Every structure is written in structure tokens, then in C-alpha cells.
Amino acid sequence: MGGQQYRPPLFSVAPMMEWTDTHYRTVARIISKHAWLYTEMLAAETIVYQQENLDRFLAFPSEQHPIVLQIGGNNLDNIAKATQLANAYGYDEINLNCGCPSAKVAGHGCFGVRLMLDPKFVGEAMSVIAANTDVPVSVKCRIGVDDHDSYNELCDFIYKVSSLSPTKHFVIHSRKALLNGISPADNRRIPPLKYEYYYALLRDFPDLRFTINGGIDCVDEVNAALREGAHGVMVGRAAFNNLWSTLAHVDSAVYGVPNSGLTRRKVLEQYQVYGDAVLGTYGNNRPNIRELIKPLFGLFYCEPGNNLWKRKADAAFLMKNITTVKSFFEETLVTIPDAVLDSPVAELPSGRKDLFANVRGLLPPPYETRAEEVVLYAAQYQA
């Protein structure tokens, strides 16, 4: 359960709202035994006010370890209660979201990436989380917010949070966030990537652990980041949209584990058992077949039959005789050639060769800590 020893988080799948639910994590774990998986962000208030229905939000099969719970919020009491309630489920780490730029979260909700503007509160929140759990704690953040985007401001945030709390692990999305009304999708595209900020953090905070996130789309690029010195790499949408080609290489190419000979057909056979076991268990026909199949839409990315399979899947969702995952597969998988279903993972696809080119030559000047500020903040917190 929580706190067990696993292989280090060299590779992790990012927390993604409406994507990294327990169904996705189940198929991801079938494919990769060693990738670290994150939940979707769960608001602390959701956990606190859904105490009669916690299993729906927090329960997961034991096979999903190692797994990190990501929570969001700006109320210390609710963060404390949410952490306490989550303890029974045995997560391996608890992460605080300080990176989500959506208007619902960072705007109306006043948490997510907006918390980067208040490192004192984040330090307090992380101390509260750590005081209410026995597992490690971490923060996921951007490199800045709006005009607060200098390297020194990022370092101030890291230094204050790590000095005011037991936080030793930061997941760094290597873009700043823009809170001017642009969409979360545009916030993943418009602000430029600044990997040099990430690698400068490794230099300036040698006692902390940093995971790099943002713009890394395949395992070859993950390994390039690791060769450059990254402590760990987090991959987002590529691990969903190109599910097989991304995750099927993780154990062998990142962790050095011999190839298991897994095929897509074997993945589907295992997932079918899971899907039919949980179908409708939440009540009101939830989860339904559409929700259970959604995580599989990246399994045949760029393969023959993929588009036809998706069209046939859309039709099958409406068929009254499709009442199980097994019957869904029987109806739709005829469009996928056996050669695709039964082939082991192909050679590792090549990534971009220039992704980290000259990153060491772009490093900003070393950070000079302003210790007196942290001492003042610590005194205020202890008071």
C-alpha cells in the first residue's frame, strides 16, 4: 500500500482532468508495470463533501500502484480533512496542484496555478498535508504566472515552499501560465517552453528532486531529458492519445526491464475482465461502456483500421445489444487487423533530436536565496 518501495519515478503520467481516471490508469498499468500514475485533480472540497461516496472518487485497484493523488484547493481545513480521508486508500504520494490555469480553477476557484503567487500559503498547505499523512508530498507547478515569470521568482517560490514545509519534490511544467482568459489548451501551446529554468533548478537546489513536464511526447525524448540530468520526466497527452506506442516502451527503454512480449490483444483481454467487472457498479449505469472504452482510443494510433474502429465504436455505443465490454469488442475489433492486435511493441520511435540542444548554455544566473524573507515567513507561520 502507500509508502511501499517502487522503482523511482523516472517516468510518470501527468494528472489530466477527465482523462486519467481509474479506467485509464487500469489500462496504463496493464501496459506499463513501472510508470508512476497520477489521479485526475480532485478538489479538496469534493473529497470532504462526498464522504458518503468516497469510493467513487478515491478507490482504485491495488494493481495501480505506484499512484499519486493530486488534490487542489485553497482552504487549509478542507485540505487537511481531504488528506485524512484519502489516507485509508493507500496512495503512494500526495501532490498539490499549483499549475492548473483553467478559469474554473485558477479564476473562480482561486487555486491551481494562482497559488504560485502565494508561496506562504502553499508552504502552509504542504505542511498541513504532510502533517496528516505518512506518505511523501509534492507540488506540481508552472515556471511562472503572467508577468511573474523570471527565474528568480520561480526560485523564490521553490525556496519558500521547501523551507516552510517538508516538500522535497516539485513537478515543473516548463511553461508559464497566462491568466488572461485563454483556454487550458492554449496555455499548453502559447507560452514558450523554457527547459533551461528546469535544469537551473537542479543546479540551484541540489537537495530537492524535480520532475520535468511539458512538450515531451515520446519515450525517446524522455530518455533525452534523463540523459541531460532530469530526476524524472512526466508525460501528458501523448500517454493518452498514443497510448500503446508511448507506454509499451516505458518498462524496457526507461527502466531496463526485459520486454514482456505484451500485445494489444493481451491488453484488451485483461482490460475486458476489468471492464465487465466494474460496469454499472456506481449505480445509474455508471461507469457505462462509453466511459470504459474512452481510455482505449489511443491504443491503435496511426495503425491500419484505427479510424474505422472509432467509427464502429461510435455506432456500437448506441446499440441496445451491446451490454458488456466483451460484446463491444466482438462488435468492433473486426476492423483491426490481426497483425496489429498480435504484434509486440515495435522499435522505439525516434524523438526530436534538438529538444534539449544547448540547454546548458541557456541557464540563467545562479539563484541567490533571500534567507531573511524565509525566516520572516517561518516566524509568521509558527506564530
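Residues numbered from 1 in each chain as written. Predicted model: local features only at pLDDT ≥ 70, side-chain atom pairs only at ≥ 80, totals over all residues. Heavy atoms only, no water.

- The name given to the chain in an unreviewed UniProt entry is tRNA-dihydrouridine synthase, with the source organism recorded as Salix purpurea.

Considerations on the packing of helix H16 (residues 306–316) against helix H17 (residues 325–332)
Two quantities define a packed helix pair, namely the angle between the axes and the distance from one axis to the other.
Then, number 1: As a packed pair, H16 and H17 sit with axes 9 Å apart at the nearest point and diverge in direction by 135°. In terms of their interaxial angle, H16 and H17 are classed as oblique. In the crossing of H16 with H17, the sense of the turn from one axis to the other is right-handed. Residue-level inspection shows Trp309, Lys312, Ala313 and Ala316 of H16 in contact with H17, the latter providing Phe328, Glu331 and Thr332.
Then, number 2: The residue inventory of the contact of H16 with H17, partitioned by class, reads four nonpolar, one polar and two charged. (Axes fitted to C-alpha atoms, helices over the stretch in contact; angles between N-to-C directions. Helix = DSSP H or I, 4+ residues; strand = E, 2+ residues; numbered from the N terminus. Parallel < 35°, antiparallel > 145°, perpendicular 65-115°, else oblique. Left-handed = near helix turned anticlockwise from the far one by under 90°. Contact = heavy atoms within 4.5 Å. Nonpolar A, V, L, I, M, F, W, Y, C, P; charged D, E, K, R; others polar.)

Quick word on H17
Then, number 1: Looking only at H17, the buried set comprises Val325, Ser327, Phe328, Phe329 and Thr332.
Then, number 2: In this structure, the buried side of H17 is in contact with helix H14 (264–278), helix H15 (289–293) and H16. (Buried < 20%, exposed > 50% of the residue type's maximum accessible area, 1.4 Å probe, protein only.)

A closer look at the packing of aromatic side chains
Aromatic ring pairs are described here by two measures, namely the spacing of the ring centres and the angle between the planes.
Then, number 1: Enumeration according to the criterion identifies 17 aromatic pairs in this entry.
Then, number 2: When the centroid spacing of 4.7 Å and the interplanar angle of 45° are considered together, the rings of phenylalanine 60 and tyrosine 91 count as tilted. Highlighted residues: phenylalanine 60 in the loop between helix H3 (54–58) and strand S3 (67–72) and tyrosine 91 in the loop between helix H4 (76–87) and strand S4 (93–98), separated in sequence by 31 residues.
Then, number 3: Clustering of aromatic rings is evident, with ring pairs tying together Tyr159, Phe170, Phe205, Phe210 and Tyr367.
Then, number 4: Here the basic side chain of arginine 237 rests over the ring of tryptophan 19, its NZ or CZ set 4.8 Å away from the ring centre. (Phe/Tyr/Trp six-rings, centres within 6.5 Å; stacked < 30°, edge-to-face > 60°. Lys NZ or Arg CZ within 6 Å of the ring centre and 35° of its normal.)

So, helix H1 (residues 22–31)
In an α-helix, one turn spans 3.6 residues, which is why side chains three or four residues apart end up on the same side.
Then, number 1: Of all 10 residues in H1, 10 are buried; the element is thus mostly enclosed.
Then, number 2: Taken together, the buried positions of H1 are Thr22, His23, Tyr24, Arg25, Thr26, Val27, Ala28, Arg29, Ile30 and Ile31.

Considering the sheet that holds strand S1 (residues 11–13)
Then, number 1: Spatial ordering of the closed barrel is given by S1-S2-S3-S4-S5-S6-S7-S8, a layout of eight strands whose pairing is parallel. With direction set aside, neighbouring strand axes in the sheet form an average angle of 25°.
Then, number 2: Where strand S5 (residues 137–142) meets strand S6 (residues 169–173), five bridges bridge the pair, whose relative direction is parallel. Its bridge partner being in S6, lysine 140 is matched across the sheet by valine 171.
Then, number 3: Each of S1, strand S2 (36–43) and S3 touches H1; the most contacted strand, S2, lies at about 175° to it. (Pairing = 2+ DSSP bridges.)

A closer look at the UniProt feature "binding site: FMN" (unreviewed entry) in the chain
Then, number 1: With numbering aligned to this structure, UniProt lists the feature "binding site: FMN" (unreviewed entry) at Pro15, Met16, Met17, Gln70, Lys140, His173, Asn213, Gly214, Gly215, Gly236 and Arg237.
Then, number 2: Tracing the sequence through the fold places histidine 173 in strand S6.
Then, number 3: In this structure, asparagine 213 sits in strand S7 (residues 209–213).
Then, number 4: Residues in contact with asparagine 213, not counting those within four places in the same chain, are Lys140, Val171, Ile172, His173, Ser174 and Met234.
Then, number 5: A polar contact is formed between the side chain of asparagine 213 and the side chain of lysine 140, at a distance of 3.1 Å. (UniProt positions renumbered as here; feature names shortened; annotations may be inferred. Polar contact = N/O pair within 3.5 Å; in protein donor to acceptor, adjacent residues only side chain to side chain.)

Considering the packing of helix H7 (residues 151–164) against helix H9 (residues 195–204)
Then, number 1: Contact pair H7 / H9: the axes reach a minimum separation of 11 Å and the direction vectors enclose 50°. In terms of orientation, H7 and H9 fall into the oblique class. In this structure, H7 meets H9 at a crossing whose hand is right-handed. Only Tyr197, Ala200, Leu201, Arg203 and Asp204 of H9 make contact with H7, whose side of the interface consists of Tyr151, Leu154, Cys155 and Ile158.
Then, number 2: Of the residues assigned to the contact of H7 with H9, the class counts are seven nonpolar, no polar and two charged.

Considering the environment of valine 139
Then, number 1: Structurally, valine 139 is set in strand S5.
Then, number 2: In sequence terms valine 139 and glycine 123 are 16 residues apart; their C-alpha atoms lie 10.0 Å from each other.
Then, number 3: Residues contacting valine 139, with those up to four places away along its chain left out, are Asn95, Leu96, Cys98, Val122, Met126, Phe157, Val161, Thr167, His169, Phe170 and Val171.

Digging into the environment of histidine 148
Then, number 1: Note that histidine 148 resides in the loop between S5 and H7.
Then, number 2: Accessibility expressed as a relative area gives 43% for histidine 148, which makes it partly exposed.
Then, number 3: Linking histidine 148 and tyrosine 367, residues 219 residues apart in sequence, is a C-alpha distance of 16 Å.
Then, number 4: Discounting chain neighbours no more than four positions away, the residues touching histidine 148 are Leu117 and Glu153.

With respect to the UniProt feature "active site" (unreviewed entry) in the chain
Then, number 1: The residues that UniProt annotates with the feature "active site" (unreviewed entry) are Cys100.
Then, number 2: With respect to the secondary-structure elements, cysteine 100 resides in the loop between S4 and helix H5 (103–108).

Details of the state of the cysteines
Then, number 1: According to the stated counting rule, one finds zero disulfides in the structure shown.
Then, number 2: Here cysteine 155 stays free of any disulfide, with the sulfur of cysteine 141 as its closest cysteine sulfur at 11 Å. (Disulfide = S-S within 2.5 Å.)

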